Amino acid sequence: MVRSAAPGNRLLDVGAGIGTFLALARDSAGWEVAGTEVSESAMALARRRYGIHLVQGQAEDIELGSARFDIVTLWHVLEHVPSPMRLLEVCHEALAPGGLLVVAVPNDSESRVGFVSAKERIVHPIRRKRVKNLRYYPLRPDAEIHLSHFSPNTLVQLLRHAGFE
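So, how was this worked out
- Residues numbered from 1 in each chain as written.
- Predicted model: local features only at pLDDT ≥ 70, side-chain atom pairs only at ≥ 80, totals over all residues.
- Heavy atoms only, no water.
- pLDDT = per-residue confidence, 0-100.
- Contact = heavy atoms within 4.5 Å.
- Buried < 20%, exposed > 50% of the residue type's maximum accessible area, 1.4 Å probe, protein only.
- Helix = DSSP H or I, 4+ residues; strand = E, 2+ residues; numbered from the N terminus.
- Arc of directions from axis to C-beta.
- Pairing = 2+ DSSP bridges.
- Lys, Arg positive; Asp, Glu negative; His and termini not counted.
- Salt bridge = Lys/Arg side-chain N within 4 Å of Asp/Glu carboxyl O.
- Polar contact = N/O pair within 3.5 Å; in protein donor to acceptor, adjacent residues only side chain to side chain.
- Core = buried A, V, L, I, M, F, W, Y, C linked by side-chain atoms within 4.5 Å.
- Axes fitted to C-alpha atoms, helices over the stretch in contact; angles between N-to-C directions.
- Parallel < 35°, antiparallel > 145°, perpendicular 65-115°, else oblique.
- Left-handed = near helix turned anticlockwise from the far one by under 90°.
- Nonpolar A, V, L, I, M, F, W, Y, C, P; charged D, E, K, R; others polar.

**Description of the confidence of the model for the protein**
Low-pLDDT stretches of the model should not have their predicted coordinates read in fine detail.
Right, so step 1: Looking at the protein as a whole, its pLDDT mean stands at 81, while 76% of the residues score no less than 70.
Right, so step 2: Counted against residues more than four places away or in other chains, residues 112–128, with its pLDDT under 50, gives 21 contacts.

**Structural notes on helix H5 (residues 152–161)**
Right, so step 1: Residues of H5 that are buried include every one of Leu155, Leu158 and Leu159, and no others. Taken around the axis of H5, the buried residues stretch over an arc of 100°, which confines them to a single face. Of the exposed residues in H5, the ones pointing more than 90 degrees away from its buried face are Arg160 and His161.
Right, so step 2: Count one or two residues on from H5 and you reach Gly163, which has phi positive near 100°.

**Details of the pairing of strand S1 (residues 10–14)**
Right, so step 1: Among the 5 residues in S1, 4 count as buried, and that is most of the element.
Right, so step 2: The pairing of S1 with strand S2 (residues 32–37) spans 5 bridges and is parallel. Residue pairing in the sheet places Leu11 in a bridge with Val33 of S2.
Right, so step 3: Across 3 bridges, the pairing between S1 and strand S4 (residues 69–75) is parallel. Within S4, the position partnered with Leu12 by the bridge is Val72.

**Section: the side chain of Glu37**
Right, so step 1: Within the element layout of this structure, Glu37 appears in strand S2.
Right, so step 2: For the buried Glu37, no salt bridge is present, and the opposite-charge side chain at shortest range is Arg47, 12 Å distant.
Right, so step 3: There is a polar contact of 2.5 Å between the side chain of Glu37 and the backbone nitrogen of Gly17.
Right, so step 4: Setting aside residues no more than four positions away along its own chain, Glu37 makes contact with Gly15, Ala16, Gly17, Ala42, Met43, Leu54, Val55, Gln56 and Gly57.

**Some details on the nonpolar core**
Right, so step 1: Judged by nonpolar contacts, the single largest core of 22 residues is most densely connected at Val14, Val72, Leu74, Leu78, Leu87, Leu88 and Leu101.
Right, so step 2: Within the residue set of this core, elements represented by two or more residues are S1, S4, helix H4 (84–94), strand S5 (95–104) and H5.
Right, so step 3: When residues in this core are grouped by element, the largest group, 4 residues, is from H4.
Right, so step 4: Leave out the neighbours within four places in its chain, and Leu74 touches Val14, Leu87, Leu88, Cys91, Leu101, Val102, Val103 and Ala104.

**Details of the packing of H4 against H5**
Right, so step 1: One way to put it is that H4 packs onto H5 with a least axis distance of 9 Å and a crossing angle of 55°. For the element pair H4 / H5, the angle class is oblique. At the point where H4 passes H5, the crossing takes the right-handed sense. Between H4, through Pro84, Met85 and Leu88, and H5, the contact on the second element is made entirely by Leu158, Leu159 and His161.
Right, so step 2: Classifying every residue of the contact of H4 with H5 by side-chain character gives 5 nonpolar, 1 polar and no charged.

Shown next, in the form of structure tokens:
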């Protein structure tokens, strides 16, 4: 899907993890790839498995210089950063004119409140009673932490404020 919409072949993946998407883009689509990652262990895996060298740190803190990319991807990253607006501004600056930003985030739309997934139909470990319509999970040391939650409307508004069409 990204390849069909891509205006060129220079790709920056922000929060690249272990580099699987970058390796696929490089090996299957022939793209020039670059990526950022905060996890040293993920960076080591990307290097070992795919020969991809990632830049360590938050994209907002990394000096990208004059490099411009045709595509910037944020695969489940935006909800984890302290300032989504600042990250989107950095992505906007990193894109070449006419470039494409691809964002994937969990959908926190109000229309989903009545939906209860199988994972949400759990027995609460402390009270031993059913938890109904649990919208957000309690914080746990081993759980992912989402600092922001987006509905399609709020994401579109945020993107527009950051300069995207």
